Protein chains: 2
Amino acid sequence: MVESKITVEKREIDNPVIETPSVTVDIVIFTIKDDELLVLLIKRKANPYMDTWAIPGGFIQVREKLHEAALRELKEETGVQNLFLEQLYTFGNPDRDPRKRVITVAYYALVSYDRLKPKAGCDAKEVNWFNVKDLPSLAFDHSEIISIAQERLCSKLDYSNVVFQLLPKEFTLTELQKVYEIILDRKLDKRNFRKRILSMNLLKETNKTKMEGYHRPAKLYSFKEDLHN
Amino acid sequence: MVESKITVEKREIDNPVIETPSVTVDIVIFTIKDDELLVLLIKRKANPYMDTWAIPGGFIQVREKLHEAALRELKEETGVQNLFLEQLYTFGNPDRDPRKRVITVAYYALVSYDRLKPKAGCDAKEVNWFNVKDLPSLAFDHSEIISIAQERLCSKLDYSNVVFQLLPKEFTLTELQKVYEIILDRKLDKRNFRKRILSMNLLKETNKTKMEGYHRPAKLYSFKEDLHN
DNA sequence: TGAATAGTGTCTTTCAGACAATATGCC
DNA sequence: GGCATATTGTCTGAAAGACACTATTCA
């Protein structure tokens with residue numbers, strides 16, 4: 001913010017052409033399907049990294065907040081608007097984009113798979129969900145961004161209810177536990193999990209049950225509030 | 001990263017002139033002196049916010065990493081190079097700078113007061129340390145940045161040893177506790193504090209002691225490693 | 001009644017927090 | 001001895017983790 005004389009002089013010496021960096025917003029969009037944690041990727045149609053998979057993103061518009069830019073991108077790709085979205089980190093190494101200096105403010109989001117819009121409507125973009133454990137080679141530093149997002153997501157589980165975004169309105173405790181297990185990539189003890197979750201006092205018991213197969217049906221729960229962070 | 005047709009079109013409609021945002025790095029520099037948590041501020045000598053206090057910062061140079069830019073700013077202001085420095089958050093509301101769109105990647109740092117360079121050598125900048133509890137009115141959204149930095153610092157205390165940056169190489173447990181108390185802004189129980197800190201196994205007992213007044217001298221400790229996060 | 005999942009309780013360990021007496025050094 | 005700070009341990013309550021049996025539904 002403060003314009004230091006020293007800075008300006010150095011810039012002019014190092015780089016006579018005034019070159020301002022571009023700023024983009026990129027989003028790691030997570031969902032869960034078939035017991036796998038998935039990330040949304042888009043195949044690039046232009047250089048650099050033509051035909052390489054990348055996380056969705058784009059330049060910020062002049063009058064828009066960073067968070068709004070992220071929401072916009074998110075909506076373009078998934079059709080979803082209300083969900084968990086949080087700033088992750090800003091990546092700005094000078095060589096992360098071979099063309100020119102591009103600084104990206106990375107966000108991550110959680111989307112319930114069944115709220116997604118039918119895939120890729122009008123635009124011809126190639127879009128796909130990939131298992132985080134089995135990602136293709138990615139453009140730019142997007143691999144790093146995803147792995148940092150994944151770490152952050154894991155640590156968020158401990159002290160927040162973000163994960164509720166990944167579930168339908170009503171769900172069983174087993175389904176909830178499954179989501180935790182998929183994200184953390186390890187098994188949890190059923191009794192301890194239920195004890196902990198219920199003691200958080202975020203869940204509301206409905207009087208419905210869910211039958212799935214020839215066995216005892218499970219109670220359905222919902223969230224008390226829509227707070228999600 | 002991905003250049004979406006939709007995005008480009010919208011930008012052209014909303015704003016025919018291509019206007020790229022500027023990117024700065026701003027730093028909240030904390031230190032402790034006389035039992036107070038201080039923040040370094042600089043009085044602006046240009047508009048906007050001429051003569052208003054602000055946290056130090058500046059434009060990033062074309063070939064420099066974000067972290068390096070923060071280090072450079074930090075060194076310019078404090079003369080200190082090796083310390084705790086961490087990215088805090090990126091602030092980019094379109095109206096945070098009245099001139100034009102400026103996005104700032106905020107960092108925060110901890111500096112031991114006695115490693116600081118003698119204040120403001122050659123440059124005529126007006127620089128000063130302020131108690132975080134008694135800050136003047138600040139330029140831009142710098143108040144918000146500082147308060148977020150302060151929150152982050154508090155929560156970092158629980159699970160890291162960042163605070164060790166604020167102490168000389170060798171220090172007593174009472175001094176260490178004082179630093180915690182100043183940052184958290186509350187008293188801690190001496191026995192519980194010592195129990196917890198020592199159980200972290202980060203401290204090395206030296207065989208020196210420190211006399212200060214007419215009473216029992218205290219053992220000096222140092223850190224086992226230079227890891228600081 | 002068999003198959004399949006839902007649902008539940010106890011014990012142990014660990015950690016945080018409340019709380020007060022003794023030790024050491026110098027005047 | 002007096003003063004001032006350093007140093008130390010116990011108890012209690014809460015939370016996390018290990019661990020196994022009963023309940024319910026339908027074929």
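Bear in mind the structure is a predicted one, so any value in this text is a computation, not a measurement. (Residues numbered from 1 in each chain as written. Chains lettered and ligands numbered in written order. Predicted model: local features only at pLDDT ≥ 70, side-chain atom pairs only at ≥ 80, totals over all residues. Heavy atoms only, no water.)

Quick notes on the overall build of chain A
Using the following cut-off: Comment: elements are numbered from the N terminus, with helices defined as DSSP H or I runs of at least four residues and strands as E runs of at least two. We call two residues contacting when some pair of their heavy atoms lies within 4.5 Å. Accessible surface is estimated by sampling points in the Shrake-Rupley manner with a 1.4 Å probe; for residues, cover comes only from the protein chains shown.
Broken down by element type, chain A carries five helices and nine strands. Mapped from its N terminus to its C terminus, chain A presents α and β elements in the order α-β-β-β-β-α-β-β-β-α-α-α-β-β. Taking as baseline every contact in chain A between residues at least 6 positions apart, the subset at least 24 positions apart corresponds to 65%. In the form shown here, chain A has an accessible surface area of approximately 11800 Å², with 50% of it arising from carbon and sulfur atoms.

Digging into the protein's contact with DNA strand D
Rules: Put simply, a residue is near a molecule or strand once any heavy atom of it comes within 4 Å of that molecule or strand. In protein, a polar contact requires one atom able to donate a hydrogen and another able to accept it; more generally it is a pair of N or O atoms within 3.5 Å, and residues adjacent in sequence count only if both atoms are side-chain atoms. Residues are sorted three ways: Asp, Glu, Lys and Arg are charged, Ala, Val, Leu, Ile, Met, Phe, Trp, Tyr, Cys and Pro are nonpolar, and all the rest, Gly among them, are polar.
Surveying the vicinity of DNA strand D reveals 21 residues, the closest of which are A:Asn192, A:Arg216, B:Lys190, B:Arg194 and B:Lys219. If you look at DNA strand D and keep only atoms within 4 Å of the protein, 44% of those are sugar or phosphate atoms. For DNA strand D, a base oxygen lies 3.4 Å from a polar atom in the backbone of A:Tyr214. The side chain of B:Arg194 places a nitrogen or oxygen atom 2.2 Å from a phosphate oxygen of DNA strand D. Counting residues per element, the ones that place at least two in the surface near DNA strand D are α5 (190-199) of chain A together with α5 (190-199) and β9 (218-223) of chain B. In terms of residue count, α5(B) provides more of the surface near DNA strand D than any other element does, five residues in total. Looking at side-chain class alone, the surface near DNA strand D contains five nonpolar, five polar and 11 charged residues.

Remarks on the domain arrangement of chain A
All names here are of chain A. Where we set the bar: Start and end points for every domain follow an automatic or database-based domain assignment. Put simply, buried area is how much 1.4 Å-probe accessible surface two parts lose in total, over both of them, once they are put together. Basic side-chain nitrogens of Lys or Arg form a salt bridge, by our definition, when they fall within 4 Å of a carboxyl oxygen of Asp or Glu.
Here chain A is described as being made up of domain 1 (22-156) and domain 2 (162-223). Measuring from the centre of the C-alpha atoms in domain 1 to the corresponding centre in domain 2 gives 28 Å. Taken together, the two surfaces of domain 1 and domain 2 that pack against each other cover about 1300 Å², and 69% of this comes from carbon and sulfur. On the domain 1 side of the contact with domain 2, Ile 32, Asp 35 and Leu 110 bury the most area, a combined 36% of that side's loss. Counting the contacts that link domain 1 with domain 2 gives two salt bridges. With a shortest N-O distance of 3.0 Å, Asp 185 and Lys 133 are connected by a salt bridge. For the pair domain 1 and domain 2, the number of links is three residue pairs in polar contact (both at pLDDT 80 or more).

Concerning the pairing of strand β5 (residues 84-91) of chain A
All names here are of chain A. Convention followed: The classification of residues rests on relative accessible area computed with a 1.4 Å probe and restricted to protein chains. Under 20% of the type maximum is buried, over 50% is exposed, and intermediate values are partly exposed. Paired strands, as defined in this entry, are two strands with at least two bridges between them according to DSSP.
When you tally the buried positions in β5, you get seven out of eight residues, the bulk of the element. Note that β5 and strand β6 (residues 102-110) share seven bridges and pair antiparallel. Looking at β6, one finds that Phe 91 is bridged to Thr 104.

Here's the deal with helix α2 (residues 66-78) of chain B
Residue and element names in this part refer to chain B. The criterion, for reference: Take the residue count of a helix, subtract one, and multiply by 1.5 Å to get its expected span.
End to end, α2 covers 18 Å across 13 residues, agreeing with the expected 18 Å (1.5 Å per residue, within 8%). The set of residues buried in α2 consists of Leu 66, Ala 69, Ala 70, Arg 72, Glu 73, Leu 74, Glu 76, Glu 77 and Thr 78. Directly after α2, the chain includes Gly 79, whose backbone phi takes a positive value near 80°.

Overview of the protein's contact with DNA strand C
In the neighbourhood of DNA strand C, 21 residues make up the surrounding shell, with A:Arg191, A:Arg194, A:Lys219, B:Tyr214 and B:Arg216 lying closest. Put simply, 42% of the atoms of DNA strand C that lie within 4 Å of the protein are in sugar or phosphate. One nitrogen or oxygen atom from the side chain of A:Thr174 is found 3.1 Å from a phosphate oxygen belonging to DNA strand C. Note that a base nitrogen of DNA strand C is positioned 3.1 Å from one of the side-chain N or O atoms of B:Arg216. When residues of the surface near DNA strand C are traced back to their parent elements, those giving at least two are α5 and β9 (218-223) of chain A together with α5 of chain B. Here the surface near DNA strand C is built from residues that sort into six nonpolar, four polar and 11 charged.

Describing the nonpolar core
The test is simple: The set of buried Ala, Val, Leu, Ile, Met, Phe, Trp, Tyr and Cys residues whose side-chain atoms join them within 4.5 Å is what this entry labels a nonpolar core.
Among the nonpolar cores identified, the biggest contains 46 residues, and A:Ile27, A:Leu85, A:Tyr107, B:Val25, B:Ile27, B:Leu85 and B:Tyr107 are the most heavily contacted of them. Leave out the neighbours within four places in its chain, and A:Tyr107 touches A:Val25, A:Asp26, A:Ile27, A:Val28, A:Leu66, A:His67, A:Ala70, A:Leu85, A:Glu86, A:Gln87 and A:Leu88. Core analysis: the next-biggest nonpolar cluster, separate from the first, contains 40 residues, B:Val28, B:Phe130, B:Ile145 and B:Phe193 among them.

Re the packing of helix α3 (residues 142-159) of chain A against helix α4 (residues 173-184) of chain A
Residues and elements named next belong to chain A. Threshold: For helices, the axis comes from a line fit to the C-alpha atoms of the stretch in contact; other axes are also lines fit to C-alpha atoms, and the angle between any two N-to-C directions lies between 0 and 180 degrees. Handedness of each helix crossing follows the sense of rotation of the near helix against the far helix: counterclockwise by less than a right angle gives left-handed, clockwise gives right-handed.
Following both chains from N to C, one finds α3 and α4 inclined at 145°, their axes separated by 9 Å at the closest point. Here the hand of the crossing between α3 and α4 comes out left-handed. Contacts from Leu 153, Cys 154 and Leu 157 of α3 reach α4 at Tyr 180, Ile 183 and Leu 184. Here the residues of the contact of α3 with α4 sort into six nonpolar, no polar and no charged.

Quick look at the pattern of salt bridges
This structure, assessed with the given rule, holds 31 salt bridges over all chains. Put simply, B:Glu175 and B:Lys210 hold a salt bridge, and the shortest N to O gap is 2.3 Å. One end of the pair, B:Glu175, is in helix α4 (residues 173-184); the other, B:Lys210, is in strand β8 (residues 203-210), and 35 residues separate them in sequence. Bridged by salt links that share partners, the residues A:Glu64, A:Arg72, A:Glu73 and A:Glu76 form one connected network.

Details of unusual backbone geometry
Going from A:Asn47 to A:Pro48, the amide bond is cis rather than trans, its omega being -5°. Residues other than glycine seldom take positive phi values, yet A:Phe140 does so here, at roughly 50°. Along the chain, the position of A:Phe140 falls in the loop between β7 (127-131) and α3. With a phi angle near 60°, B:Asp35 is a residue other than glycine that sits in the positive phi range. Structurally, B:Asp35 is set in the loop between β1 (22-33) and β2 (36-43). B:Asp35 sits in the partly exposed class, given a relative accessible area of 46%.

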